[in-house]
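Remarks on the overall topology
Residue strings, one per chain:
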Amino acid sequence: MSELLAASTGDLTHPEPGSVAEWTDRYTHAVMDTFGPPQRVLVRGEGAYVWDADGNRYLDLLGGIAVNCLGHAHPTLTAAISAQLGTLGHVSNFFGSPTQIALAEKLLGLAGAPAGSRVFFTNSGTEANEAAFKMARRNNPDGTRTRILALEGSFHGRTMGALALTSKAAYREPFEPLPGAVEFLPFGDTEALRAAFSPEVVRERGEVAAFVLEPIQGEVGVRPQPAGYLALARELTAAGGALLILDEVQTGSGRTGAWFAYQLPELAPEGFLPDVVTLAKGLGGGFPVGAVLAYGDRAAHLLGRGQHGTTFGGNPVAAAAALATIGVIERDDLLANVRGVGAYLAERVTALGHPWSPASAEPACCAASPRRAGRGGRGAARAPRRADRQPRGTRRDPRRAALPAHARPGR
Ligand SMILES: Cc1ncc(COP(=O)(O)O)c(C=O)c1O
C-alpha cells in the first residue's frame, strides 16, 4: 500500500529519508515546543508495532493516547478512508452526506438513546466538550441556572471552555480568567454531591445547569467512579433540572469492553441514560473525529440553528473512518477481546507486585493501568501481591489467539 501511495504522490508527501537525530533536530526548529522534543520520530506502523526513522521497531503500548483501537494501518480502515476520499472528501455543513447521517444513527443506536436524540460532530475531544459546555449554558431558561459542577482530578481538554472544566491548576492558571461558575467537587464524595444540590446551597448560589464528569477519570491514573456514584449523579441532576454530561472521550468507542463506560455493570449495575455524552479519541480509529450525543428531545434542542457550528465536524471521510472502526469492532467481536485481554493484562500487571498495581475487580480497561493506584483510587487499598512467576516463554499466552491477526505480536 505504501509503495502504491509513494508512486502516485511522488515526492509530495514522502519527504527524503533522515535519521531520528536529524528529524528531531528539524522538529525542534519547526514545531512549537508545547510537547517537548519528540520521544522518537516514527515513520510507519502496522498492527501493534511502530518503526522509527532509524528502523527500530517498538510495541506501541500508548496507542496514540487511547486512539488506535484497531492498531496501525488496519486494512479495512485504510480502505474505507481511501474510498470515501476518492468519492466525496469534504462538503460544507450546509449539506449532509450519507456517511455522516449513518454514523449519527449508528451512535444513537449503540448508545440506546431514546427517540428525539441527536448528534453533533466535532474533530476532537475538547471541541466535543466545548459544545457540551455551550449546551449547559443554554440549560438556563430564566437566567438563574448558571452553576456547572465538575470533579477534582478531571481532564476535559485544552480549549477555554473544556479547560474551565479541568481541575488541574497547572493547566488552568496560565489562561485565567476562564469561563466561570464551575465548581469542583471532591472525587467520589456523595455527601458533597448531595450538598451541591441541597436547597440551602441552591438558595445561596443558584440552580445547577450541568454536572460534567468522566465515568472513569484518566488524568489522575485510571480512576473509576465508585459504585453508586453515577446513579446518584443521575438521580440528583434529574431532580434538579441539571444536565448529566458524561465525558467519554477516553472511555467511549468500546475501549472499556462496552460501547460506553456508562453501560458497564461495574459502574452502573442498574443502568441509566445520561443527557449528553462526548466522544473522540478511539472513535475514528486514528482519524480525527469527535461527537456529542444528546439524549432525548430536550437535550437535542438546547443548541438552536446558528448557535454552534464547525467547518470539518461530520466530514464524510471522518464519518467513514468512524463507521469502519465501529464496523470492525462489531465484526471481529472486539468488545469481548477488550474484556479478555484487559483481564489478562490486569492479572499479569497485578502479579508484578508493584505498589501501584491495580485492584483486580476493576473494569477491564481500568485494571490494566499501573498508574491507577497510589493516587487515591480503590487499588491503593490493596496490598501488593507477589508475582506468580514463570520463566519467560513457558506459559502460553491465552489471549494471543484472541487478538486480530494484524495486531498479533511476532508477525
Ligand atoms: C477525558 C478526556 N476528555 C477530553 C480530552 C481532550 O480530547 P482532545 O485531546 O481530542 O481534545 C481528553 C484527552 O486526553 C480526555 O482524556
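Conventions used here
Residues numbered from 1 in each chain as written. Predicted model: local features only at pLDDT ≥ 70, side-chain atom pairs only at ≥ 80, totals over all residues. Helix = DSSP H or I, 4+ residues; strand = E, 2+ residues; numbered from the N terminus. Buried ≥ 20, exposed ≤ 12 C-beta atoms within 10 Å, placed from the backbone. Contact = placed C-beta atoms within 7 Å. Core = buried A, V, L, I, M, F, W, Y, C linked by C-beta atoms within 7 Å. Axes fitted to C-alpha atoms, helices over the stretch in contact; angles between N-to-C directions. Parallel < 35°, antiparallel > 145°, perpendicular 65-115°, else oblique. Left-handed = near helix turned anticlockwise from the far one by under 90°. Nonpolar A, V, L, I, M, F, W, Y, C, P; charged D, E, K, R; others polar. Near = placed C-beta within 6 Å. pLDDT = per-residue confidence, 0-100. Pairing = 2+ DSSP bridges. Expected span 1.5 Å × (residues − 1).

1. Remarks on the overall build of the protein chain
Scanning the protein chain for helices and strands turns up 15 helices and 12 strands. Here the protein chain holds 411 residues, and 42% of them are scored as buried. Residue pairs at least 24 apart in sequence account for 70% of intrachain contacts in the protein chain once pairs closer than 6 positions are excluded.

2. Digging into the nonpolar core
By size, the foremost hydrophobic cluster in this structure holds 87 residues, and its most contacted members are Val-276 and Leu-293. Apart from the residues lying within four places of it in its own chain, the contact partners of Val-276 are Ala-132, Met-135, Leu-243, Ile-245, Val-292, Leu-293, Ala-294, Tyr-295 and Ala-299.

3. So, the packing of helix 5 (residues 98-111) against helix 13 (residues 316-331)
Relative orientation of the contacting elements helix 5 and helix 13 amounts to 40°, with a least axis distance of 8 Å. By the angle between their directions, the pair helix 5 and helix 13 is classed as oblique. Between helix 5 and helix 13 lies a crossing of left-handed hand. Between helix 5, through Thr-99, Gln-100, Ala-102, Leu-103 and Lys-106, and helix 13, the contact on the second element is made entirely by Pro-316, Ala-319, Ala-320, Ala-322, Leu-323 and Ile-326. Across the contact of helix 5 with helix 13, the residue classes break down as 8 nonpolar, 2 polar and 1 charged.

4. Focus: the site of the ligand
The full set close to the ligand counts 13 residues, and Ser-124, Gly-125, Thr-126, Gly-157 and Val-249 are the nearest of them. Per element, the largest residue contribution to the shell around the ligand is 3 residues, and it comes from helix 6 (residues 125-138). Split by residue class, the shell around the ligand holds 3 nonpolar, 8 polar and 2 charged.

5. Concerning the packing of helix 4 (residues 75-85) against helix 13
Between two packed helices, the angle of one axis relative to the other and the distance separating the axes together describe the packing. Packing of helix 4 against helix 13 brings their axes to within 9 Å, and their N-to-C directions diverge by 155°. Here helix 13 runs roughly antiparallel to helix 4, going by the angle between their axes. Read as a crossing pair, helix 4 and helix 13 show a hand that is right-handed. Two secondary-structure elements touch here, helix 4 through Thr-76, Leu-77, Ala-80, Ile-81, Gln-84 and Leu-85 and helix 13 through Pro-316, Val-317, Ala-320, Ala-321, Ala-324, Thr-325 and Val-328. In terms of residue class, the contact of helix 4 with helix 13 is made up of 10 nonpolar, 3 polar and no charged.

6. Some remarks on the confidence of the model for the protein chain
Residue-level pLDDT values for the protein chain average 87, and 84% of them are 70 or greater. The secondary structure element of the protein chain with the lowest average pLDDT is helix 15 (residues 364-367), at 40, and the one with the highest is strand 11 (residues 276-279), at 99. Long-range and interchain partners of residues 360-411, a stretch whose pLDDT sits below 50, account for 105 contacts in this model, where long-range means more than four residues apart.

7. Details of unusual backbone geometry
Going from Glu-176 to Pro-177, the amide bond is cis rather than trans, its omega being 5°. Turning to its location among the elements, Pro-177 is positioned in the loop between helix 8 (169-172) and strand 6 (182-185). The phi torsion at Ile-65 lies on the positive side, around 60°, for a residue other than glycine. In this structure, Ile-65 sits in helix 3 (residues 63-66). Take Ile-65: there are 9 C-beta atoms within 10 Å of it, and that puts it in the exposed class. Even without glycine at this site, Ser-253 takes up a positive phi of about 60°.

8. Some thoughts on the sheet that holds strand 10 (residues 243-247)
Taken in spatial order, the 7 strands make up an open sheet running 4-12-11-10-7-5-6, and their pairing is mixed. Since the sheet does not close on itself, it has two edges, and those belong to strand 4 (118-122) and strand 6, each with one partner. Across this sheet, the average inter-strand angle for adjacent strands is 20°, counted without regard to direction. Pairing of strand 10 with strand 11 involves 3 bridges; the strand directions are parallel. Its bridge partner being in strand 11, Leu-246 is matched across the sheet by Val-277.

9. Here's the deal with the environment of Phe-120
Here Phe-120 is to be found in strand 4. With 25 C-beta atoms counted inside 10 Å, the residue Phe-120 sits in the buried group. Setting aside its immediate chain neighbours within four residues, Phe-120 contacts Ala-131, Val-292 and His-308.

10. Quick notes on the pairing of strand 11
Here strand 11 shows two buried faces, one formed by Val-276 and Thr-278 and the other by Val-277 and Leu-279. Here strand 11 pairs with strand 12 (residues 290-294) via 4 bridges, running antiparallel. Among the inter-strand pairings, Leu-279 is bridged to a residue of strand 12, identified as Ala-291.

11. Notes on helix 6
Spanning 14 residues, helix 6 covers 20 Å between terminal C-alpha atoms, matching the ideal 20 Å at 1.5 Å per step. Of all 14 residues in helix 6, 11 are buried, a share of seventy percent or more. By the burial criterion, the buried members of helix 6 are Gly-125, Thr-126, Glu-127, Ala-128, Asn-129, Glu-130, Ala-131, Ala-132, Phe-133, Met-135 and Ala-136.

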